[in-house]
Amino acid sequence: MKLLAVNGSPRKTMNTGLLLEKIVEGAASEGAAADGSALHPNGEHGTIKQMMNGVGSVKVASTVLAVFMLTAFIVMGSDAFATEDKGQKSEVGMQEVHDFMKSCGQYFLATVDGDQPKVRPFGTVAIYDGKLYIQTGKKKDVFKQMARNPKIEICAYDGKGKWVRIQAVAVNDDRREAKQFMLDSYPELKKMYSADDNNSQVLFLKDVKARFHTFTGESRTVEF
Ligand SMILES: Cc1cc2nc3c(=O)[nH]c(=O)nc-3n(C[C@H](O)[C@H](O)[C@H](O)COP(=O)(O)O)c2cc1C
């Protein structure tokens, strides 16, 4: 976030300037790129006074300062909200993507095999330890392809006019508890896999960009 501090006082280093300096320091310590340059059109003292048609320079300085402080407050405040919002969005977004994938029942997972895209149906999806996971077998080509190039794309359609396309990087998680969690989420998988079989593998998705689409042309991106 960039802030421009405007000093309307003709006396750069007096009260208004000192106050501005403090505000700029404060804004910078909160991470804003703040510039406290004094504004002196034509390099003349009192120019703002003239521009304001006879309003006292002290009044002008106070007004400008007040406007700046309000702006700084709003900007810094909105920044803080934005950060909080991002955090919430990310969790809410992951849950939304998870719930949507689940509601579709199955999805299609695309990998890259050299210069050839490969796509197949998948169904496993779960949130574990704050991340979105899928499950596969190490013996499968899909796993070998993700090991060579972890970039994947997923597409799920709900059969009712809404779909999501998810771009992500698949990351192996070798933790036994993560594998067990997935098997417990999909008990039917226990016929084929166990957490200790050296085949079952779970992967979480990172750098996720999930774009929801509808036939009416609406689209929205969720990132986490
Ligand atoms: C509805 C459905 C869901 C599936 N879900 C998964 C899954 O979550 N994980 C998996 O490894 N295979 C799953 N499969 C099986 C894979 O599609 C299949 O093993 C495929 O051949 C794997 O791709 P590959 O041949 O490129 O390795 C599913 C199949 C279907 C029909």
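Residues numbered from 1 in each chain as written. Predicted model: local features only at pLDDT ≥ 70, side-chain atom pairs only at ≥ 80, totals over all residues. Heavy atoms only, no water.

**Q** I would appreciate a short explanation of unusual backbone geometry in the present structure.
**A** Only a minority of non-glycine residues have a phi that is not negative, and only a minority of peptide bonds are not trans. Phi angles above zero are rare outside glycine, and Asn198 is one such case at about 60°. Here Asn198 lies in the loop between helix 5 (176-185) and strand 9 (200-214). Within the chain, Asp207 stands out as a residue other than glycine whose phi angle is a positive 50°. Within the secondary structure, Asp207 sits in strand 9. (Helix = DSSP H or I, 4+ residues; strand = E, 2+ residues; numbered from the N terminus.)

**Q** Would you explain the nonpolar core in this entry?
**A** Nonpolar side chains tend toward joint burial in soluble globular proteins. Val97, Tyr107, Leu109, Ile166 and Leu205 are the most contacted members of the largest nonpolar core, which has 39 residues in total. Considering every element that reaches this core, the biggest residue donor is strand 9, with 7 residues. (Core = buried A, V, L, I, M, F, W, Y, C linked by side-chain atoms within 4.5 Å. Buried < 20%, exposed > 50% of the residue type's maximum accessible area, 1.4 Å probe, protein only.)

**Q** Looking at this model, I keep getting lost on the site of the ligand. Mind explaining?
**A** Around the ligand, the structure places Gln106, Arg120, Pro121, Phe122, Gly123, Thr124, Gln135, Thr136, Lys140, Asp141 and Val142. The separation between a nitrogen atom of the ligand and a polar main-chain atom of Gln135 is 2.9 Å. One nitrogen or oxygen atom from the side chain of Thr136 is found 2.7 Å from an oxygen atom belonging to the ligand. Its free accessible area being 630 Å², the ligand has 63% of it covered by the protein chains. Elements supplying a minimum of two residues to the shell around the ligand: strand 4 (116-122), strand 6 (131-137) and helix 4 (141-148). Counting residues per element, the shell around the ligand draws most heavily on strand 4, which supplies 3 residues. Across the shell around the ligand, the residue classes tally to 3 nonpolar, 5 polar and 3 charged. (Near = heavy atom within 4 Å. Polar contact = N/O pair within 3.5 Å; in protein donor to acceptor, adjacent residues only side chain to side chain. Areas by Shrake-Rupley, 256 points an atom, 1.4 Å probe, with all protein chains shown as cover. Nonpolar A, V, L, I, M, F, W, Y, C, P; charged D, E, K, R; others polar.)

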